[in-house]
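Geometric and topological summary
Residues per chain, in single letters:
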Amino acid sequence: MKSLSITGLILLAVSALLFYLTTDFAVEQIKISHIMGIMAGVGIGLIIGGMVGYLSKGSAIKAEQKKKEFKQLQKDKEELEKQAADIAKRQAELEEQNKNPQI
């Protein structure tokens, strides 16, 4: 986004320079071609800005989804570790009961 802003400022400066060279900033010398150029520049800027915004939003959504998946995997891992500890504890209790039968 920063490089896109810098590029936009450079293009704005170039367009101001070209406008100055062609009209000397005199209102009487502004023609319909200048207005069309301004509108075309705004249109192209909006198109490029929309595409960059769409791409950055898509990558942000993907990053958020990966983060959620990672948290879910951590929770699943913790639950499996608890289950494994419970199973090991039960097996130890059963083995202890088998060694010491109370008849």
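Bear in mind that the values here come from a model prediction, so they are computed numbers and not experimental data. (Residues numbered from 1 in each chain as written. Predicted model: local features only at pLDDT ≥ 70, side-chain atom pairs only at ≥ 80, totals over all residues. Heavy atoms only, no water.)

Another point: a negative patch on the surface. Among the surface-exposed residues, Asp 76, Glu 78, Glu 79 and Glu 81 lie close enough to one another that they form a single negatively charged patch. Structurally, the position occupied by Glu 81 is in helix α2 (residues 32-99). (Patch = residues over 30% accessible without salt bridge, like charges linked within 9 Å, V, L, I, M, F, W, Y side chains within 5 Å. Areas by Shrake-Rupley, 256 points an atom, 1.4 Å probe, with all protein chains shown as cover. Salt bridge = Lys/Arg side-chain N within 4 Å of Asp/Glu carboxyl O. Lys, Arg positive; Asp, Glu negative; His and termini not counted. Charge placed at Lys NZ, Arg CZ, Asp CG, Glu CD. Helix = DSSP H or I, 4+ residues; strand = E, 2+ residues; numbered from the N terminus.)

Positionally, Leu 55 belongs in helix α2. Between the C-alpha atoms of Leu 55 and Arg 90, which are 35 residues apart in sequence, the distance is 53 Å.

Let us now look at the UniProt feature "transmembrane region" (unreviewed entry) in the protein chain. Within the UniProt annotation, "transmembrane region" (unreviewed entry) is assigned to residues 36-56. Helix and strand shares over residues 36-56 are 100% and 0% respectively, and the end C-alpha atoms of the span are 30 Å apart. (UniProt positions renumbered as here; feature names shortened; annotations may be inferred.)

Another aspect to go through is the UniProt feature "coiled-coil region" (unreviewed entry) in the protein chain. Per the UniProt record, "coiled-coil region" (unreviewed entry) is annotated on residues 61-100. For the annotated span residues 61-100, helix accounts for 98% and strand for 0% of the residues, and the straight-line distance between the end C-alpha atoms is 59 Å.

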